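Here is how the chains run, residue by residue.
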Amino acid sequence: MAEDALHLADENAVAALATALAPALGEGGVIHLHGDLGAGKTTFARALIATLGVSGRIKSPTYSLIESYRAGGLAIHHLDLYRIADAGELEWLGLDEIADGASLILVEWPERGGTALPRPDLVLEFAYAPVGRRLDLRPQSPRGRAWLAATSALHSVA
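Anyway, here's the lowdown on the structure attached to this text. Residue numbers restart at each chain and count upward from 1, following the sequence in its written direction. Confidence filtering applies because this is a predicted model: local features only for residues at pLDDT of at least 70, side-chain atom pairs given and counted only at 80 or more, and all residues used for totals across whole chains, interfaces and linings. Calculation of side-chain values draws on the structure's entire complement of heavy atoms; hydrogens and water are dropped beforehand.

1. Examining the packing of aromatic side chains
Ring geometry is summarised as follows: Phe, Tyr and Trp rings, the Trp one being its six-membered ring, pair when their centres sit within 6.5 Å, and such pairs are stacked at plane angles under 30 degrees, edge-to-face over 60 and tilted between the two. On inspection of all chains with the given rule, the structure shows two aromatic pairs. Aromatic pair tyrosine 82 and tryptophan 109: ring centres 4.9 Å apart, planes at 55°, arrangement tilted. Within this pair, whereas tyrosine 82 is found in the loop between strand E4 (74–80) and helix H3 (95–98), its partner tryptophan 109 is found in the loop between strand E5 (103–108) and strand E6 (122–128), the two being separated by 27 residues in sequence. Only protein chains enter the accessibility calculation, which uses a 1.4 Å probe; a residue is then buried when its area is under 20% of its type maximum, exposed when over 50%, and partly exposed in between. We classify tryptophan 109 as buried; its relative accessible area is 11%. We note arginine 112 situated over the ring of tryptophan 109; from NZ or CZ to the ring centre the distance is 5.2 Å. Comment: elements are numbered from the N terminus, with helices defined as DSSP H or I runs of at least four residues and strands as E runs of at least two. In our convention, an over-ring charge means Lys NZ or Arg CZ found within 6 Å of a ring centre and within 35 degrees of that ring's normal.

2. Some remarks on the pattern of salt bridges
Think of a salt bridge as a Lys or Arg side-chain nitrogen and an Asp or Glu carboxyl oxygen that are within 4 Å of each other. Overall, the coordinates contain three salt bridges when judged by the stated rule. The salt bridge partner of glutamate 67 is lysine 59, with a shortest N-O separation of 3.8 Å. Taking relative accessible area as the criterion, glutamate 67 reaches 14% and is therefore assigned buried.

3. Considering the packing of helix H1 (residues 11–21) against helix H2 (residues 41–51)
A fitted line through C-alpha atoms represents every axis, and for helices the fit uses only the stretch in contact; the resulting angles, taken between N-to-C directions, go from 0 to 180 degrees. Where H1 meets H2, the closest approach of the two axes is 8 Å, and the angle between their N-to-C directions is 40°. Considering the angle they form, H1 stands oblique to H2. H1 and H2 meet at a crossing whose hand is right-handed. Touching Glu11, Val14, Ala15, Leu17, Ala18, Thr19 and Leu21 of H1 are Thr43, Phe44, Ala47, Leu48 and Thr51, all from H2. In this classification, the charged set is Asp, Glu, Lys and Arg, the nonpolar set is Ala, Val, Leu, Ile, Met, Phe, Trp, Tyr, Cys and Pro, and all remaining amino acids, among them Gly, are polar. When the residues that make up the contact of H1 with H2 are grouped by side-chain class, the tally is eight nonpolar, three polar and one charged. With respect to orientation, any angle under 35 degrees is reported as roughly parallel, any angle over 145 as roughly antiparallel, any angle of 65 to 115 as roughly perpendicular, and every other angle as oblique. Helix crossings get a hand from a simple test, with the near helix turned counterclockwise from the far one by less than a right angle marking a left-handed crossing and a clockwise turn marking a right-handed one. Residues are treated as being in contact if the distance between any of their heavy atoms lies within 4.5 Å.

4. Comments concerning the environment of glutamate 11
As for its position among the elements, glutamate 11 is in helix H1. For glutamate 11, a relative accessible area of 58% puts it in the exposed group. Considering only alpha carbons, one finds glutamate 11 and arginine 133, 122 residues apart in sequence, at a separation of 8.8 Å.

5. Let's talk about helix H4 (residues 142–150)
Inspection of H4 places Gly144, Trp147 and Leu148 among the buried residues, and these make up the whole buried set. End-on, the buried residues of H4 take up no more than an arc of 90°, which puts them together on one face. For H4, the exposed residues lying more than 90 degrees away from the buried face are Pro142, Ala149 and Ala150. Each direction from the helix axis to a C-beta atom contributes to the arc, which is the arc of those directions.

So, to be careful, I would describe these as geometric facts and stop short of saying anything about function.
What follows is the structure, encoded as structure tokens:
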């Protein structure tokens with residue numbers, strides 16, 4: 001599937017998209033989440049993490065920069081880089097250690113991380129629409145293309 005755009009009517013549709021995509025992500029990879037404040041990035045990440053099997057409170061990493069979870073054999077790392085001023089601030093996070101291919105890494109505000117971040121397999125661009133949100137899905141690797149191809153339910157959530 002090439003670049004695709006979806007219309008998501010509300011937060012429930014954002015969560016449904018995450019639920020539809022989750023089964024394809026079992027071997028890990030990197031997803032960059034772009035969009036303005038309140039556009040749906042954290043809603044998507046929380047729903048995805050919960051669908052993958054993390055129970056309990058799924059915290060926003062706005063202040064901690066990173067929250068890590070385990071779902072079965074998959075390590076999940078959720079980063080929120082909104083509060084960093086320079087990509088050099090990421091040095092102490094140990095990104096090289098978590099980007100080993102056996103982890104799922106979700107990055108909100110990746111543009112603030114520059115080249116310190118692992119390359120994405122999939123880029124999701126959330127934008128406000130007159131009603132709901134518009135979501136552009138851009139695969140960046142064979143893995144990202146495979147995720148979208150395996151997720152036949154994507155259009156049913158829009």
